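Coordinate analysis (summary)
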Amino acid sequence: MFNLLDYDLDTLLAWFSELGEKPFRARQVMRWMHREGCDDFDAMTDVAKALRAKLREQAEIRPPALLRDSLSSDGTRKWLFDIGDANAVETVFIPEAGRGTLCVSSQAGCALDCAFCATGRQGFNRNLSTGEIIGQLWLANKLLGAAVAGDDGEGRDNGRVISNVVLMGMGEPLTNFENVVAALRVMLDDHAYGLSRRRVTVSTVGIVPAIDRLREECPVALAVSLHASDDALRDRLMPINRKYPLRDLMAACRRYLERAPRDFVTFEYVMLDGVNDSDAHARALIALTRDVPCKFNLIPFNPFPFSGFARPPARRVRDFAGILRDFGIIATTRKTRGDDVAAACGQLAGKVRDKARRVGLCPLQTMEEVFS
Ligand code: SAH
């Protein structure tokens, strides 16, 4: 059985052409599936009966199974999805005035092993398929009771509950490149979710060649997890830095901006008490990013058991942001959302059967177990 959630329009067109079906049929099915949230071929009333029968025989529309639905006191909602083989991934919906952001996972676990991240602690199991990535959006739309209302003709996304998607859930999207890009294409496709490139953000630890490839193949808004202003500290916090140090990363950001839908890169910066949060660190960041048009998004560290890090006092975060702003850099502080259901940045842990079998880490304990 083919899962049609695995298909972007191009691959669906190719399959329909093999079936001897016209291209407009593929577009029709895309619209039913993603705009209407339909998973029943028989309900696709304007699709020819013979084609519906063929589809029923060979294909299905199957999102990951929902395991748990948690609602935070601040309205943030977190879903835990079963992806089989004792693995589960998390998706978070963050409602705000004027927009709704869906935070999507791209892998079961993560292989990057950043020192301050709960997902990394769990190790890595596997990449999510395109269908498992897009299935999170497909199901979230349904669970939020949201049809994809589309543009109102004046560029506003009236009535659209999920107006923004960020690949900031579990996993490193750029080490699952093909599946992530196919899912991005469905998000952007007018026959599916029709989101603008500016409203879809890929967040990465900074895999330099993949940033270049994304620029060529599917430029969307880019966020880079920076977290340190010098290589020595970044090497410690994020092992990937040893492979792609800051100088190369900054150059890749500059190249990306030649094609990006936005004229800045967002640098995410997790604030770790006494580690990377001094005035000197802020000044070093200003020097480091001098040639990269950027905004900073400061993320006060979200604690998890045995992390070994702490969140700085609110005043430190304010002063740090103040130094960046005095220099003319836009710096926002990410509000901690959903932390009562462990849905905040870095707290997503789902359930992962680690294949990396790292040693020396805390015993495998999922956030679900810790917080339930
Ligand atoms: N792998 C990608 C996507 C994950 S995005 C990336 O690293 O960019 C999740 C964001 O939350 C990243 O910026 C990550 O560094 C940050 N983060 C991880 N652990 C955190 C924690 N405990 N507190 C706050 N932010 C954290």
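Conventions and cut-offs
- Residues numbered from 1 in each chain as written.
- Predicted model: local features only at pLDDT ≥ 70, side-chain atom pairs only at ≥ 80, totals over all residues.
- Heavy atoms only, no water.
- Near = heavy atom within 4 Å.
- Polar contact = N/O pair within 3.5 Å; in protein donor to acceptor, adjacent residues only side chain to side chain.
- Areas by Shrake-Rupley, 256 points an atom, 1.4 Å probe, with all protein chains shown as cover.
- Helix = DSSP H or I, 4+ residues; strand = E, 2+ residues; numbered from the N terminus.
- Nonpolar A, V, L, I, M, F, W, Y, C, P; charged D, E, K, R; others polar.
- Phe/Tyr/Trp six-rings, centres within 6.5 Å; stacked < 30°, edge-to-face > 60°.
- Buried < 20%, exposed > 50% of the residue type's maximum accessible area, 1.4 Å probe, protein only.
- pLDDT = per-residue confidence, 0-100.
- Contact = heavy atoms within 4.5 Å.
- Expected span 1.5 Å × (residues − 1).
- Pairing = 2+ DSSP bridges.
- Axes fitted to C-alpha atoms, helices over the stretch in contact; angles between N-to-C directions.

1. Thoughts on the site of the ligand
Around the ligand, the structure places 20 residues, and the nearest of them are Phe 116, Ser 203, Ser 225, His 227 and Asn 302. Take Ser 203: an N or O atom from its side chain is 2.6 Å from an oxygen atom of the ligand. Contact between the ligand and His 227: an oxygen atom at 2.6 Å from a side-chain N or O atom of the residue. Relative to its unbound accessible surface of 540 Å², the ligand loses 95% to contact with the protein. Of all the secondary structure elements, the ones that give two or more residues to the shell around the ligand are strand S10 (200-204) and strand S12 (265-271). Among the residues forming the shell around the ligand, the class breakdown is ten nonpolar, eight polar and two charged.

2. Regarding the packing of aromatic side chains
The final tally for this structure, using the stated rule, is nine aromatic pairs. Between the aromatic rings of Trp 15 and Phe 16, the centroid separation amounts to 5.9 Å while the plane-to-plane angle is 65 degrees, which identifies the pairing as edge-to-face. Both residues of the pair, Trp 15 and Phe 16, count as buried. Between Tyr 269 and Phe 296, the ring centres sit 6.5 Å apart and the planes meet at 65 degrees, which makes this aromatic pair edge-to-face. In this pair, Tyr 269 sits in strand S12 while Phe 296 sits in strand S13 (residues 294-300), placing the two residues 27 residues apart along the sequence. Overall, Tyr 269 belongs to the buried group, its relative accessible area being 0%. Residue classification places Phe 296 among the buried residues on the basis of a relative accessible area of 1%.

3. Points about the confidence of the model for the protein chain
Averaged over all residues, the pLDDT of the protein chain is 90; the fraction at 70 or higher stands at 91%. Long-range and interchain partners of residues 147-158, a stretch whose pLDDT sits below 50, account for 20 contacts in this model, where long-range means more than four residues apart. In the model, residues 358-372 has pLDDT below 50 throughout and makes 36 contacts with residues more than four positions away in sequence or in other chains.

4. Regarding helix H6 (residues 177-188)
The end-to-end C-alpha separation of H6 is 16 Å, in line with the 16 Å expected for twelve residues at 1.5 Å each. In terms of residue burial, H6 counts as a mostly covered element, since nine of its twelve residues are buried. Of the residues making up H6, those classed as buried are Phe 177, Val 180, Val 181, Ala 182, Ala 183, Leu 184, Val 186, Met 187 and Leu 188. Where H6 is buried, its residues touch helix H2 (23-35), helix H5 (130-143), strand S9 (164-167), S10 and helix H7 (208-217).

5. Comments concerning the sheet that holds strand S4 (residues 77-82)
If you walk across this open sheet you meet the ten strands as S3-S4-S5-S6-S9-S10-S11-S12-S13-S14, and the pairing is mixed. The open sheet has two edge strands, strand S3 (65-71) and strand S14 (330-333), and neither has a second partner. Sheet twist, expressed as the mean angle between neighbouring strand axes with direction ignored, is 20 degrees. In this sheet, strand S11 (residues 221-225) lies alongside S10 in parallel orientation, the contact comprising four bridges. Within S11, the residue paired with Ser 203 across the bridge is Ala 223. Running over the sheet, H5 touches S3, S4, strand S5 (88-96), strand S6 (99-103) and S9 and is turned about 130 degrees from S4.

6. A few points about the environment of His 191
On the secondary structure map, His 191 appears in the loop between H6 and S10. Between the alpha carbons of His 191 and Arg 31 there is a distance of 5.1 Å; along the sequence they are 160 residues apart. Aside from chain neighbours lying at most four places away, what touches His 191 is Leu 9, Arg 27, Met 30, Arg 31 and Arg 35. Looking at His 191, its side chain comes within polar contact range of the side chain of Arg 31, at 2.9 Å.

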